[in-house]
Amino acid sequence: MSKSLPKRSEDYSLWYNELVKRAGLAENSAVRGCMVIKPYGYAIWEKMQRQLDDMFKRTGHENAYFPLFVPKSLFEAEEKNAEGFAKECAVVTHYRLQTDPDNPGKLRVDPNAKLEEELIVRPTSEAIIWSTYKNWIQSYRDLPLLINQWANVVRWEMRTRLFLRTAEFLWQEGHTAHATAEEALAETRQMLDVYAEFAEEWMALPVVKGVKTENERFAGALETYCIEGLMQDGKALQAGTSHFLGQNFAKAFDVQFANKEGGLEHVWGTSWGVSTRLMGALVMAHSDDDGLILPPKLAPIQVVIVPIYKTGQLEELKERIRPIQMGLLERGISVKLDDRDTERPGFKFAEWELKGVPVRLAIGMRDLENGTVEVARRDTKEKLHLPLTDIVNNIDQLLQDIQKNIYQRALTFRETHTTRVESYEEFKQVLDGPGGFVVAHYDGTPETEERIKDETKATIRCLALAEPDEDGICIVTGKPSTRRAHFARAY
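So, a few notes on the structure that sits alongside this text. (Residues numbered from 1 in each chain as written. Predicted model: local features only at pLDDT ≥ 70, side-chain atom pairs only at ≥ 80, totals over all residues. Heavy atoms only, no water.)

So, on to the pattern of salt bridges. This model, assessed by the stated rule, comprises 28 salt bridges. In this structure, Arg22 and Glu18 form a salt bridge, with 2.9 Å as the shortest nitrogen-oxygen distance. With a gap of four residues between them, Arg22 and Glu18 both fall in helix α1 (residues 12-22), about one helical turn apart. With a relative accessible area of 33%, Arg22 lands in the partly exposed category. A salt bridge links Lys212 to Glu228; the shortest N-O distance between them is 2.9 Å. Separated by 16 residues along the polypeptide, Lys212 in the loop between β11 (208-211) and β12 (223-230) and Glu228 in strand β12 bring together distant segments of the chain. (Salt bridge = Lys/Arg side-chain N within 4 Å of Asp/Glu carboxyl O. Helix = DSSP H or I, 4+ residues; strand = E, 2+ residues; numbered from the N terminus. Buried < 20%, exposed > 50% of the residue type's maximum accessible area, 1.4 Å probe, protein only.)

The next thing to look at is the side chain of Lys212. Relative accessible area serves as the criterion here: at 3%, Lys212 is assigned to the buried category. For Lys212, the side chain forms a polar contact with the main-chain oxygen of Arg461, separated by 3.0 Å. Ignoring anything within four residues of it in the chain, the contact list for Lys212 reads Arg217, Glu223, Thr224, Cys226, Glu228, Gln238 and Arg461. (Polar contact = N/O pair within 3.5 Å; in protein donor to acceptor, adjacent residues only side chain to side chain. Contact = heavy atoms within 4.5 Å.)

Moving on, we get to the packing of aromatic side chains. This structure, assessed with the given rule, holds 15 aromatic pairs. Look at Trp45 and Trp150: their rings are 6.1 Å apart centre to centre, the planes differ by 75 degrees, and that puts the pair in the edge-to-face class. You can see Trp45 sitting in helix α2 (residues 39-58) and its partner Trp150 sitting in strand β9 (residues 145-154), a full 105 residues away along the chain. Summarising the aromatic geometry, the rings of Phe169 and Trp171 are spaced 5.9 Å apart at their centres and angled 85 degrees between planes, so their arrangement reads as edge-to-face. Accessibility assignment for this pair places Phe169 and Trp171 in one class, buried. Taken together, Trp45, Phe56, Trp150, Tyr195 and Trp272 form an aromatic cluster joined through their ring pairs. Across the ring face of Tyr491, the terminal group of Lys235 is positioned such that the distance to the ring centre comes to 5.1 Å. Taking NZ or CZ as reference, Lys297 lies 5.2 Å from the ring centre of Trp202, over its face. (Phe/Tyr/Trp six-rings, centres within 6.5 Å; stacked < 30°, edge-to-face > 60°. Lys NZ or Arg CZ within 6 Å of the ring centre and 35° of its normal.)

Now for the environment of Glu118. For Glu118, the location among the structural elements is in strand β8 (residues 114-121). Residue Glu118 is classed as partly exposed on the basis of its relative accessible area, which comes to 25%. Through-space distance from the C-alpha of Glu118 to that of Ala236 is 37 Å; in sequence the pair is 118 residues apart. Residues contacting Glu118, with those up to four places away along its chain left out, are Val70, Pro71, Lys72, Val91, Val92 and Thr93.

Judged by nonpolar contacts, the single largest core of 77 residues is most densely connected at Leu25, Met48, Phe163, Met203, Met231, Phe427 and Phe487. Phe163 has contacts with Tyr16, Val20, Leu25, Ala26, Met35, Ile37, Thr276, Arg277, Met279 and Gly280, leaving out every residue within four places of it along the chain. The next biggest cluster of nonpolar side chains, apart from the first, holds 27 residues, and it includes Ala127, Ile129, Leu245 and Phe257. (Core = buried A, V, L, I, M, F, W, Y, C linked by side-chain atoms within 4.5 Å.)

Here it is as structure tokens:
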């Protein structure tokens with residue numbers, strides 16, 4: 001079980017990949033660069049999806065679905081967007097196979113079935129959605145249009161890693177249209193706040209909210225806002241983005257509306273999304289050398305009960321455990337009774353520890369007679385003996401404490417791995433040492449940003465919204481700087 005996991009301190013990448021597989025989250029598929037999300041992993045994604053979907057709907061958004069295929073002419077209509085994704089596109093050129101006359105039992109592409117126009121397998125949906133919005137929007141009365149889509153996308157990756165970077169992944173993408181720039185910007189910032197709230201309240205992941213530099217901006221956007229989390233190896237991970245598109249896509253697809261005065265204007269747009277990359281963040285931000293550590297709010301199983309029994313006792317013990325199990329379920333706490341008679345308790349303990357179940361109860365006849373239950377919490381590995389009389393309330397409170405503790409531990413890690421530096425030499429020393437976020441002045445030019453990236457492999461993760469303007473000197477060029485940026489090596 002978890003005893004054979006690689007150690008984070010020795011090979012973080014190998015530890016991550018092995019943990020994802022052994023905990024039953026995902027595995028590599030027969031399709032190069034693609035993954036199979038297994039039931040336990042998909043259960044976590046479903047909880048993420050359900051909560052985010054509720055948050056989107058509370059902010060007035062509706063779900064829709066758009067085609068997987070985008071005609072090439074539509075895709076290239078917004079030039080910056082097309083150029084930005086061109087090298088990652090999978091392209092459909094034919095629509096039929098046929099038996100291969102030279103290889104019995106095999107198939108080949110029918111050379112006579114070439115499409116008149118190639119179809120792009122969506123790497124993002126702005127093109128197909130904005131070409132549709134042209135038909136949906138005529139008047140100011142049709143605005144704002146607030147649409148979200150849950151879908152899969154394909155970005156042809158050559159170097160892949162489960163959840164973090166795969167050729168196909170799952171995500172949601174919001175696409176909204178507004179009458180004014182101010183409304184669109186407010187929407188962009190609102191969805192950034194939604195993502196940050198979800199990351200911190202549900203994933204127990206503290207994030208830095210900020211805006212991307214021009215070099216890191218989404219192709220076709222005027223501004224890109226982001227949330228950045230810090231993983232335990234000191235690398236940053238972009239956990240969500242929200243884009244102010246201006247009128248770029250509206251003009252590319254001629255999406256206009258009649259304003260209250262009767263004149264025609266192009267609408268203002270946004271797009272925003274998070275993906276199954278959040279699953280990777282969840283693993284890397286919290287887990288340890290023994291397996292997953294899952295925040296209770298996202299754990300598929302919040303409590304596992306392991307009966308400790310002698311031959312012939314199991315059925316009676318299960319009946320006496322049942323009121324505890326039902327009490328937890330009635331409180332809305334997900335419970336698994338592991339009554340397998342094929343494995344010993346020690347094996348079960350290790351398995352549920354590997355899978356990150358927040359709370360484990362070990363209950364035997366003697367415990368019931370004594371009126372206590374042995375309770376183990378996954379985050380600290382502390383064992384408690386709690387009274388049976390108020391066990392449901394105690395477990396409920398314990399789960400809340402675990403959620404808070406996991407967040408606080410991640411926040412403390414980020415705070416101790418965020419360093420403000422005044423020189424390029426110090427900048428490099430931090431990156432090569434403890435890592436984490438390095439907050440430094442730079443002169444604001446793309447050239448300096450690229451130089452730092454080439455020389456240190458660190459990128460500007462964001463210009464943090466909470467970071468005040470501050471006069472200073474660029475650590476590389478010595479030129480004046482008006483604010484600091486958050487740099488880090490990143491996934």
